[in-house]
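Coordinates in review
What follows is each chain in one-letter form.
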Amino acid sequence: FTFASSSRDTTLRLWTMGEEAQELRLRAMLGEPLASLLGADATAQFEPVGADGKPSAAPLLCGHGSRRLLRLVEREVNELERLRRIYCFFTSANGLQEFWDLLRLCHERLLHRADATPTTVDAPTPAPETLLSLASATGTVVPVAHASQVVGSARQAAAALQRHATARRGVVRQGPSSEEVATMIARLHMQTGDMRAYCEAMATLGQWDRALAAAPAVGLQYWRALCDRRAEQLADAGGEEAVPLMLAAGLVDEALSFYRTRGQLDDAFLVARARDEGAFPLADQPIERSAAAAPMPTATATATA
């Protein structure tokens, strides 16, 4: 309901018919048939102007957009969705779509409560399906969300970012680097409680200290398997930093083998005696290396423009 006009001197003027639209919106929202608010053609928008300079009759809608709205409303069986379509047709305020999403969600939750049986009235209300298309399409968290949407929105955003990063891997582009995107994904995993995905992302990024620090939240076996993966990397590089990880995770045999291959027999003997005296209780527990699978596909750092 806003349009622009120009003059030969390139002057631009913006016009609005907001006042006329308010009356039409109110009549449509209050249940007046939308078909009665449409003119027969483009010339039927206004009746002749009276002597007082005002239209002698209420304005009518015309054009492709209003007729498309009529078709959509006539097919719509959900009353709240019908009202949303009408309201959004007349109004385009920022955040309006999110407002109607919240209103719909609250309405559905009230319906769930009304339908609850006496035996389940105290049980948590199941969350209905929510509109998270914004997160899926753009990889961002829904800007205005109901409390029941926040976590799901963030998880969908992480998944969308992961798909985008995988599809764009190795492509030189502007914007955030692949490592920055991977860090964003890991942060979302951490904040939504998916600690395993967070650890795998950190490990893939080479931030093993953070991965190992958070691994106990997944479980002891996962932490031990992750220690084993990191220790194997360090041992292959010849670094003695592998030994503390091996011993902490109960991988005493691996530590002894590391020392023997380097000719550090005194160190190997000391560790072996400590094991025999029960200093490494985890050494008696088999390690489940399958608990920490290979790192999930994540964007790796590549050159960016």
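What counts, and at which threshold
Within each chain, residue numbers correspond to sequence positions counted from 1 in written order. Predicted model: local features are reported for residues with pLDDT of at least 70 only, side-chain atom pairs are reported and counted for 80 or more only, and whole-chain, interface and lining totals are derived from all residues. For the side-chain quantities, the full set of heavy atoms in the structure was used; hydrogens and water were omitted. Only the stretch in contact is used when fitting a helix axis, every axis being a line fitted to C-alpha atoms; angles between N-to-C directions are given from 0 to 180 degrees. Every helix listed is a DSSP run of H or I at least four residues long, and every strand listed is a run of E at least two residues long, numbered separately from the N terminus. Note that the term roughly parallel is reserved for angles under 35 degrees, roughly antiparallel for angles over 145, roughly perpendicular for angles of 65 to 115, and oblique for everything else. Each crossing gets its hand from how the near helix is turned against the far one by less than a right angle, where anticlockwise is left-handed and clockwise is right-handed. Contacts are assigned to residue pairs with any non-hydrogen atoms lying within 4.5 Å of each other. Here the term charged refers only to Asp, Glu, Lys and Arg, the term nonpolar to Ala, Val, Leu, Ile, Met, Phe, Trp, Tyr, Cys and Pro, and the term polar to all other amino acids, Gly among them. Expected helix span is taken as 1.5 Å per residue step, with the number of steps being one fewer than the number of residues. For every residue, the accessible area (1.4 Å probe, protein chains only) is compared with the maximum for its type, and the residue is labelled buried under 20%, exposed over 50%, or partly exposed between those bounds. If DSSP finds at least two bridges between two strands, the strands pair.

Between helix H12 (residues 252-261) and helix H13 (residues 265-276), whose axes approach to 8 Å, the crossing angle comes to 165°. Comparing their axes, H13 and H12 come out roughly antiparallel. The handedness of the crossing between H12 and H13 comes out as left-handed. On the side of H12, the interface is formed by Val252, Asp253, Leu256, Tyr259 and Arg260, while H13 contributes Leu265, Asp267, Ala268, Val271, Ala272 and Arg275. A per-class count over the contact of H12 with H13 returns 7 nonpolar, no polar and 4 charged.

On to helix H3 (residues 79-90). Taking 1.5 Å of rise per residue, the 12 residues of H3 would be expected to cover 16 Å, and the 17 Å separating its terminal C-alpha atoms lies within 8% of that figure. Considered for burial, the residues of H3 that qualify are Leu80, Glu81, Arg82, Leu83, Arg84, Ile86 and Phe90.

A small share of strand S1 (residues 2-6) lies buried, amounting to 0 of its 5 residues. In this structure, S1 lies alongside strand S2 (residues 12-16), joined through 5 bridges in antiparallel fashion. Opposite Ser6, over in S2, you have Leu12 as the bridge partner. Two successive antiparallel strands, S1 and S2, enclose a turn made up of 5 residues, where Thr10 displays a positive phi of approximately 65°.

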